[in-house]
Amino acid sequence: MMSCYQLPISQMRRFGLALMLPVALLGASVFPSQLQTATAQTSGGNRPLTIRADVQEYDAKNQVITARGNVQMSYPARQIQATSAQAQYFSKERRIDFSGNVYILQQGGNSMRAEKVTYLIDEGRFVALPQSNRQVESIYMVQESDNDGQAATPAPQTPAFKRSN
């Protein structure tokens, strides 16, 4: 067998590349640099709920997906999009817990900002909690009713604000 000093440079490079390729492929699969994506299927209608994040973990025993870092959730069946620092999808309980600068947007323009939000999938209900000494902010798009093609009745006039000393 030849020592490495006797191998020509081109053979040493090929040998080095042959060793580095499996290491690089293993590193790419163990330490991915792109966002991780998980798609959870809801029961009954096979409607996907997609979660993207920097890092995701799956606890098979408890059936919980934990997503951390730049979390983005898309649930087209319910017309919901959400972003947060962390999210946990509890598939047995059919619940999603968001935390850290949570923003939820529903089609039609309704939105919510909070520090923590729990989404109860079967009930279609959100429970939001603010940061300490803050409030939850929700914006709801209210459509004026149309009474058989007639113009909507104008809202009653709000009385002037009176200051009390």
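Further up the page is the structure itself.
Residues numbered from 1 in each chain as written. Predicted model: local features only at pLDDT ≥ 70, side-chain atom pairs only at ≥ 80, totals over all residues. Heavy atoms only, no water.

Moving on: the nonpolar core. In terms of nonpolar packing, the biggest core is built from 21 residues, with M73, I96, F98 and I104 touching the most fellow members. Contributions of two or more residues to this core are made by strand 2 (48–53), strand 4 (64–75), strand 5 (80–90), strand 6 (95–106) and strand 7 (111–120). The leading source of residues in this core is strand 4, at five residues. Once residues lying within four places of it in the same chain are set aside, the contact partners of I96 are L49, M73, Q88, Y89, V117, T118, Y119 and I121. (Core = buried A, V, L, I, M, F, W, Y, C linked by side-chain atoms within 4.5 Å. Buried < 20%, exposed > 50% of the residue type's maximum accessible area, 1.4 Å probe, protein only. Helix = DSSP H or I, 4+ residues; strand = E, 2+ residues; numbered from the N terminus. Contact = heavy atoms within 4.5 Å.)

Turning our eyes to something else, we now look at unusual backbone geometry. The residue Q79 is not glycine, and still its phi comes out positive at about 55°. By the element assignment, Q79 lies in the loop between strand 4 and strand 5. Even without glycine at this site, N101 takes up a positive phi of about 50°. In this structure, N101 sits in strand 6. Among the residues examined, N101 registers a relative accessible area of 59% and is labelled exposed.

Let us now look at the pattern of salt bridges. For the coordinates displayed, the defined rule picks out four salt bridges. One salt bridge in this structure joins E57 and R68, with 3.0 Å as the shortest N-O distance. Taken together, the positions of E57 in strand 3 (residues 55–59) and R68 in strand 4 put the pair eleven residues apart, joining distant regions of the chain. Among the residues examined, E57 registers a relative accessible area of 44% and is labelled partly exposed. Between R95 and D97 there is a salt bridge, and its shortest N-O distance comes to 3.1 Å. (Salt bridge = Lys/Arg side-chain N within 4 Å of Asp/Glu carboxyl O.)

This part takes up the environment of A128. Looking at where A128 falls in the secondary structure, it is placed in strand 8 (residues 125–129). Relative accessible area serves as the criterion here: at 25%, A128 is assigned to the partly exposed category. Each C-alpha atom of the pair A128 and S138 lies 9.7 Å from the other, and the pair is ten residues apart in sequence. Excluding residues that lie within four positions of it along the chain, A128 makes contacts with M112, A114, K116, V117 and V136.

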